[in-house]
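Per-entry structural report
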Amino acid sequence: MVSLMTGNLLLAAMLPESWGKGARLEVKPAALCGQEPRRSIAIASPTEGDRQGVPAWKRTLGLGREGDQKLQFFLGVQDGGAAGAPCEFQVVVNGRVLWEKSYAAAEWEPVEIDLSSYAGNLIFLEFAVKVPEGATALLGEPRILEGGRLLYDLADLLEGSSWFLLREESAADRRARLQVVPGAEILAWQRLEMICFTHFGINTFSNREWGTGSEPAALFNPADFDARQWARAVKDAGLKMIILTAKHHDGFCLWPSRYTDYSVKNSPWRNGRGDIVREVAEACREYGLKFGFYLSPWDRNNPLYGSGEAYDEYFMNQLTELLTDYGEVTEVWFDGANGEGPNGKKQQYDWERYFGLVRRLQPQALMAICGPDIRWVGNESGMAAETEWSVQKIDGEWKWYPAECDVSIRSGWFYHPDEKPKTAEQLVDIYFQSVGRNSVLLLNIPPDTRGRFADADVAALRGFRAELDKLFQTDLAERAVVPAENGPARPVPSGDEESWWCPQGEGPYTLELQWKEPVEINIVELAEAIRHGQRVEAFRLFYRRTDGSFTPWLEGTTIGYRRLLRASEPVKTDAVRILIEQSLAAPLISSVKVY
C-alpha cells in the first residue's frame with residue numbers, strides 16, 4: 001500500500017500484483033526537438049506474459065482554493081511504434097476523461113488543462129497512455145499550478161514510481177470477478193443509499209476543522225443539544241443512518257470515556273454528566289435509523305500517542321467502550337490520518353487488531369475507509385466514478401468492496417457560522433453522481449454551537465427531499481410493455497429481487513420498452529440483481545423517433561446496485577431500447593424505471 005495524508009483521510013492506493021511487471025517509468029532529461037522541458041517521464045508499455053497493458057499512474061491530490069488551477073505538461077513520442085502507430089494519451093480526474101489525444105510526433109507539444117472547477121477539493125488524477133510495441137511515450141514537465149504558482153511538481157511524485165495497471169484483464173480474472181457476491185450485511189448497507197455524517201465536537205466551538213488537542217474541555221457547551229432534532233431531520237430527508245464523530249483528531253471524546261479526562265465529563269454541558277454518543281444512539285433507535293460512529297486513531301491530546309503498544313491499548317479500550325455500551329452498531333468509520341501527537345511522535349496503527357475487536361464485539365458491523373468492508377470513493381465531493389465496480393482486487397484477491405461517497409452539506413466538515421449549505425439542486429446533482437453510480441452517499445450535516453442542525457441546513461435537506469420526490473414521483477415504465485420476443489418474467493423488471501430479466505445466448509443483449517402513447521422522459525434508472533454479483537460493463541440507450549427509427553440517447557458502463565442517467569433535455573417517444581454491449585455474463589437486470 002502506498003499512501004499520503006491529506007484532508008482528514010488517509011489516501012491509499014491498493015496496488016494489484018500485476019502493477020509494474022515489465023513496465024518502465026523513469027525521469028530522464030528531455031531529448032526531443034524544439035522547446036525542451038527540464039525533465040520528462042519515459043513510459044513504455046507494461047506486459048505480463050503475453051498480455052500488453054495500459055500504463056496508468058494514479059494519485060490523489062488536494063487542490064488549493066486561490067486562483068486558477070492548471071495542469072500543464074508537454075507530450076511527445078520517442079522510438080515510434082510499428083508503422084508509426086501513435087501513442088494514446090488520456091487524463092482522467094475523478095473517473096471523468098478531461099482530455100485525450102493520439103500523438104506520434106518526435107517533438108514537444110504543450111498541453112494545458114483547466115482544473116479550476118475542482119478548486120478546494122481532492123482530485124483522483126490519472127495519466128493513462130496506450131503505448132505501441134517498441135515505442136516510448138513522454139510526458140514533459142508535468143505540474144499543477146495555482147494562480148501561476150507551482151502547487152505540485154508531478155515529475156517529483158512520479159520519480160521512482162512503478163504505478164502501472166494492466167487494464168486488459170485475463171479470462172481467469174473475469175471468471176473470478178463473476179463469482180464475487182455481497183454478504184447479507186453489505187447488501188443491506190447498499191440498500192440504505194443515503195446516510196448521514198455528523199461532525200460535532202470541540203472544533204464546533206473553536207471554529208476549526210482540525211483541533212490541536214489543547215483546547216480546554218470547558219469550551220464544549222451545546223446549550224440546546226437535541227439529538228432527536230437531528231434524527232427527525234435525517235429521517236425526513238430519507239437518510240437511513242447517522243455516523244457520529246465520537247472522537248476527532250483533537251482527541252476530545254463525546255462520551256465520558258473511562259480512559260481520558262479529555263471528554264464531555266469535564267465540560268460544563270449537563271454539568272459533566274452528559275453523553276452525546278448515548279443520546280444520538282437512542283435517537284436513532286427511536287426514529288428507526290441505523291447508528292454508526294467515527295473514531296480517529298490520531299489523537300493530538302493523549303500523551304501515549306506515538307508510544308506504540310501502550311497507545312494501541314488505549315485506543316482498543318475506547319473502541320471497546322463504543323462497541324459495548326451503545327447498542328447495535330452498523331458502521332465503524334476508521335480515518336487513517338496519522339500526524340504527530342503532543343509528544344511530536346507518530347503512531348503506527350495496529351489495524352488488524354482493531355478490525356479483530358470489531359468483528360468479535362459487533363460481528364455485523366461494517367468497517368469503512370481504512371477498514372476491510374467499505375472503501376472511500378477517492379474524493380470529498382460526493383462523486384463516484386462513471387465506471388464504479390463494487391468488485392475490487394485487493395492483495396491479489398477479488399472481493400466485494402463497494403464505494404462510499406462522503407461530502408459535506410457545507411464547505412467545511414464542522415460547523416462554521418460564515419458558511420452556507422448547498423442548494424437542493426446541488427444536492428440532487430450529488431445524488432445522481434453517488435447513489436446513481438452504484439455507491440452510497442454519506443452526507444455530512446454539522447450541528448451548530450447550540451447542538452442542533454442549523455435551520456438553513458434543515459431547509460436545504462427538505463428542499464433536497466422535495467426535489468427527489470418530484471423527480472421520481474411517477475415511474476412511466478409501469479405503463480410500458482416489453483415485446484414478447486425479449487421473454488422477460490415480467491412486463492418490465494420491477495425491482496423485485498426474486499425476479500429479473502436474464503437474456504439467453506451471447507451478447508449484445510437488447511431490452512425494449514414500448515408505450516401505447518408517446519411519453520416525455522429524461523431519466524432512466526437501471527439496477528442489477530447484485531446479490532448474484534455485478535456483471536454489466538457497457539450499455540447504451542436509444543429512443544424511437546416519430547419516423548420509427550431509433551436514435552442514440554444515453555450511455556454508461558457499470559450499473560450495479562443502481563444507475564441513474566439524466567438527459568439534459570427531455571425527449572418524447574413511444575419506445576426506449578436498452579442495448580447491453582458488454583457484460584461478464586448474461587446480465588441480471590432487476591429493475592428498469594423511467595421518469
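Residues numbered from 1 in each chain as written. Predicted model: local features only at pLDDT ≥ 70, side-chain atom pairs only at ≥ 80, totals over all residues. Heavy atoms only, no water.

**A few points about the environment of aspartate 547**
The cut-off we apply is this: Only DSSP runs of H or I with at least four residues qualify as helices, and only runs of E with at least two residues qualify as strands; both kinds are numbered from the N terminus onward. For the exposure calls, accessible area comes from a 1.4 Å probe over protein chains only, and a residue counts as buried if that area is under 20% of its type's maximum, exposed if over 50%, partly exposed in between. In protein, a polar contact means a hydrogen-donor-capable atom and an acceptor-capable atom, both N or O and within 3.5 Å, with residues adjacent in sequence counting only if both atoms are side-chain atoms; elsewhere, any N or O pair within 3.5 Å suffices.
For aspartate 547, the position within the fold is in the loop between strand E26 (536-544) and strand E27 (550-556). Using a relative accessible area of 57% as the deciding quantity, one classes aspartate 547 as exposed. Polar side-chain contacts of aspartate 547 include one of 2.7 Å to the side chain of serine 549.

**Things to note about the packing of helix H5 (residues 227-237) against helix H6 (residues 276-286)**
Selection criterion: Axis lines are fitted through C-alpha atoms, for helices just across the contact stretch, and the angle between N-to-C directions can take any value from 0 to 180 degrees. Any angle that is under 35 degrees is reported as roughly parallel, and any over 145 degrees as roughly antiparallel; angles of 65 to 115 degrees are reported as roughly perpendicular and all others as oblique. For any helix crossing, the convention is left-handed if the near helix is rotated counterclockwise from the far helix by under a right angle, and right-handed if that rotation is clockwise. The contact definition used throughout considers only heavy atoms, calling two residues in contact when any of these lie within 4.5 Å. Under the grouping applied here, Gly and all other residues not named as nonpolar or charged are polar, the nonpolar ones being Ala, Val, Leu, Ile, Met, Phe, Trp, Tyr, Cys and Pro and the charged ones Asp, Glu, Lys and Arg.
H6 packs onto H5 with a crossing angle of 40° between their chain directions and a minimal axis gap of 8 Å. Relative to H6, the element H5 is oriented oblique. Crossing of H5 over H6 shows right-handed handedness. Mapping the contact onto sequence places Ala227, Arg228, Trp230 and Ala231 in H5 and Glu279, Val280, Ala283 and Glu286 in H6. Across the contact of H5 with H6, the residue classes break down as five nonpolar, no polar and three charged.

**A short note on the nonpolar core**
Just so we agree on the cut-off: Nonpolar core, defined: a set of buried Ala, Val, Leu, Ile, Met, Phe, Trp, Tyr and Cys residues in which side-chain atoms within 4.5 Å join the residues together.
In terms of nonpolar packing, the biggest core is built from 80 residues, with Phe220, Ile276, Val280, Phe291, Phe293, Leu319 and Phe334 touching the most fellow members. Counting residues per element, this core draws most heavily on helix H7 (residues 309-324), at seven residues. Leaving out residues up to four positions away in the same chain, phenylalanine 291 has contacts with Met241, Ile242, Leu244, Val277, Val280, Ala281, Cys284, Tyr326, Glu328, Val329, Thr330 and Glu331.

**Looking at the packing of H7 against helix H8 (residues 351-361)**
The contact between H7 and H8 brings their axes to 10 Å, and the two run at 20°. In terms of orientation, H7 lies roughly parallel with respect to H8. H7 and H8 meet at a crossing whose hand is right-handed. Here Asp312, Glu313, Phe315, Met316, Leu319, Thr320, Leu323 and Thr324 of H7 lie close against H8, whose contacting residues are Arg353, Tyr354, Leu357, Val358 and Leu361. Among the residues making up the contact of H7 with H8, the classes are represented as eight nonpolar, two polar and three charged.

**Some points on the sheet that holds strand E23 (residues 403-408)**
Stated precisely, the cut-off is as follows: Two strands qualify as a pair provided that DSSP identifies no fewer than 2 bridges between them.
The strand order across the open sheet formed by eight strands is E19-E18-E17-E16-E15-E24-E23-E20, and the pairing between neighbours is parallel. Across the chains shown, the open sheet's two edge strands, defined by having one partner strand only, are strand E19 (366-369) and strand E20 (375-376). Here strand E17 (residues 290-295) pairs with strand E18 (residues 331-334) via three bridges, running parallel. Counterpart to glycine 292 in the pairing with E18 is glutamate 331.

**Quick notes on H7**
Worth spelling out the cut-off: To estimate how far a helix should extend, the number of its residues minus one is multiplied by 1.5 Å.
With 16 residues, H7 extends 22 Å between its outermost C-alpha atoms, agreeing within 8% with the 22 Å of an ideal straight helix rising 1.5 Å per residue. Where H7 is concerned, the buried positions are Tyr311, Asp312, Tyr314, Phe315, Met316, Gln318, Leu319, Glu321, Leu322 and Leu323. In the core, the buried residues of H7 are packed alongside strand E16 (241-247), H6, E17, E18 and H8.

**A closer look at the packing of aromatic side chains**
In this description, a pair of aromatic rings is defined by centroid distance and the angle of the planes. Counted only if it meets this: Put simply, two rings from Phe, Tyr or Trp (the six-membered ring, in Trp's case) pair if the centres are within 6.5 Å, and we call them stacked under 30 degrees between planes, edge-to-face over 60, tilted for the rest. By the criterion adopted, a ring carries a charge over it if an Arg CZ or a Lys NZ lies within 6 Å of its centre and within 35 degrees of its normal.
Inspection of the entire model under this criterion finds 37 aromatic pairs. Seen from their ring centres, phenylalanine 225 and tryptophan 269 are 5.5 Å apart, and the 85° between their planes marks the pair as edge-to-face. Separated by 44 residues along the polypeptide, phenylalanine 225 in the loop between helix H4 (202-206) and H5 and tryptophan 269 in the loop between E16 and H6 bring together distant segments of the chain. For the pair shown, phenylalanine 225 and tryptophan 269 are each scored as buried. Considering the side-chain rings of phenylalanine 315 and tyrosine 354, the 4.7 Å spacing of their centres and the 50° angle between planes classify their relative orientation as tilted. In this pair, phenylalanine 315 is assigned in helix H7 and tyrosine 354 in helix H8, connecting sequence segments 39 residues apart. Members of the aromatic cluster, connected to one another through ring pairs, are Phe200, Phe205, Phe220, Phe225, Trp230, Phe252, Tyr262, Trp269 and Phe453. Across the ring face of tyrosine 401, the terminal group of lysine 399 is positioned such that the distance to the ring centre comes to 4.9 Å. Sitting over the face of the ring of phenylalanine 550, arginine 577 holds its NZ or CZ atom 3.8 Å from the ring centroid.

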